[in-house]
Amino acid sequence: TITGFVFDLDGVITDTAKFHYQAWKEIAQEKLDITITPAVNELLKGRSRMDSLEEIIKFGHQEGQHTLAEKEAIATEKNDRYKQLIQTMTPADILPGMGEFLQELADHHYPMSVASASFNAPFIIKRLKLEDLLGKIVDPASVKHGKPAPDIFEAAADQIDSPYATTVGFEDATAGISGINDAGMFSVGIGDPTILDEADLVFASTADVSLSAIEQAFASKNA
Ligand code: G6P
Ligand code: MG
């Protein structure tokens, strides 16, 4: 049986994915003259701030053209803009059904923790008033390899003493699904099933998430 749940934050608990996209789109245009497309944005989801910038630079064929100091300045500006966008978040910004789902898990005494690459995760969880349910958050600085590596999911499961094989991981990004799978966990994707085709189970929207569907799919995978 399932022993714990680990959650990505951006795009799973709340729709900050759109704010990351907006901030990168503006900064990439202004500072690098690179126009980001939704397809590029898929590659940025779940990736650390600097890895995201490297992806954008690669997409714009500007590899090797910027110093580390320049890249750090661009990443800082992106984060300043992103922080402005998340300042006014409230519990109303929890994605449909997720507040209820987290409460249902708590009622069933499932331990939960957060595996987000974002250094802004503790602030966002506070704004959403989810500290009681999702107070266990991995510090992304404490893990060696970012997503798609499994490290952050393993650290999140370790925090709640949940063996990987019986842990369920939630993700909206292909990089995250890879990490969950490589950790040997059961992967639940939120989004387009044709993009998240490596996931064990996909819900098109958070509103469709169902504990019984997850328990059933987990049981048949491990039968
Ligand atoms: C999440 C998002 C990414 C973001 C990363 C780092 O994984 O999906 O788009 O780049 O966090 O976030 P941060 O807030 O630290 O820049
Ligand atoms: Mg995400």
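Residues numbered from 1 in each chain as written. Chains lettered and ligands numbered in written order. Predicted model: local features only at pLDDT ≥ 70, side-chain atom pairs only at ≥ 80, totals over all residues. Heavy atoms only, no water.

**Student:** Mind showing me how you'd approach the site of ligand 1 here?
**Tutor:** Near ligand 1, the surroundings consist of 13 residues, among which Arg47, Arg49, Ser118, Phe119 and Asn120 are the closest. Here an oxygen atom of ligand 1 sits 2.9 Å away from a polar atom, N or O, in the main chain of Gly46. Residue Asn120 places a side-chain N or O atom 2.6 Å away from an oxygen atom belonging to ligand 1. When ligand 1 is considered free in solution it has 390 Å² of accessible area, and contact with the protein chains removes 97% of it. Under a 2 Å grid-point criterion requiring more than half of the atoms, the pocket assigned to ligand 1 is the largest cavity. Tallied by class, the residues present in the shell around ligand 1 amount to three nonpolar, six polar and four charged. (Near = heavy atom within 4 Å. Polar contact = N/O pair within 3.5 Å; in protein donor to acceptor, adjacent residues only side chain to side chain. Areas by Shrake-Rupley, 256 points an atom, 1.4 Å probe, with all protein chains shown as cover. 1 Å grid on protein atoms, 1.4 Å probe; cavity = no way out; pocket = protein on both sides within 12 Å on 5 of 7 lines; lining within 4 Å. Sits in = over half its atoms within 2 Å of the grid points. Nonpolar A, V, L, I, M, F, W, Y, C, P; charged D, E, K, R; others polar.)

**Student:** Would you explain the coordination of the magnesium ion (ligand 2) in this entry?
**Tutor:** For a metal with four tetrahedral donors the ideal donor-metal-donor angle is 109.5 degrees, whereas six octahedral donors ideally subtend 90 or 180 degrees. At the metal site, the magnesium ion (ligand 2) is ligated by Asp8 (OD), Asp10 (O) and Asp172 (OD), and these contacts range over 2.0 to 2.1 Å. Spacing between the donor residues of the magnesium ion (ligand 2) along the chain follows D-x1-D-x161-D. Asp10 matches Asp8 in its accessibility class, with the two residues each being buried. (Donors = N, O, S within 2.8 Å, 3.2 Å for Na, K, Ca; no water. Buried < 20%, exposed > 50% of the residue type's maximum accessible area, 1.4 Å probe, protein only.)

**Student:** In this structure, what is going on with helix H1 (residues 17-32)? I would like to understand it.
**Tutor:** Residues spaced three or four apart along an α-helix point in a common direction, a consequence of the helix completing one turn every 3.6 residues. For H1, which comprises 16 residues, the first-to-last C-alpha distance of 21 Å matches the rise-based estimate of 22 Å (1.5 Å per residue) to within 8%. Among the residues of H1, those classed as buried are Ala17, Phe19, His20, Tyr21, Ala23, Trp24, Ile27, Ala28 and Leu32. Next to the buried residues of H1 lie helix H2 (38-44), helix H3 (49-59) and helix H4 (68-86). (Helix = DSSP H or I, 4+ residues; strand = E, 2+ residues; numbered from the N terminus. Expected span 1.5 Å × (residues − 1). Contact = heavy atoms within 4.5 Å.)

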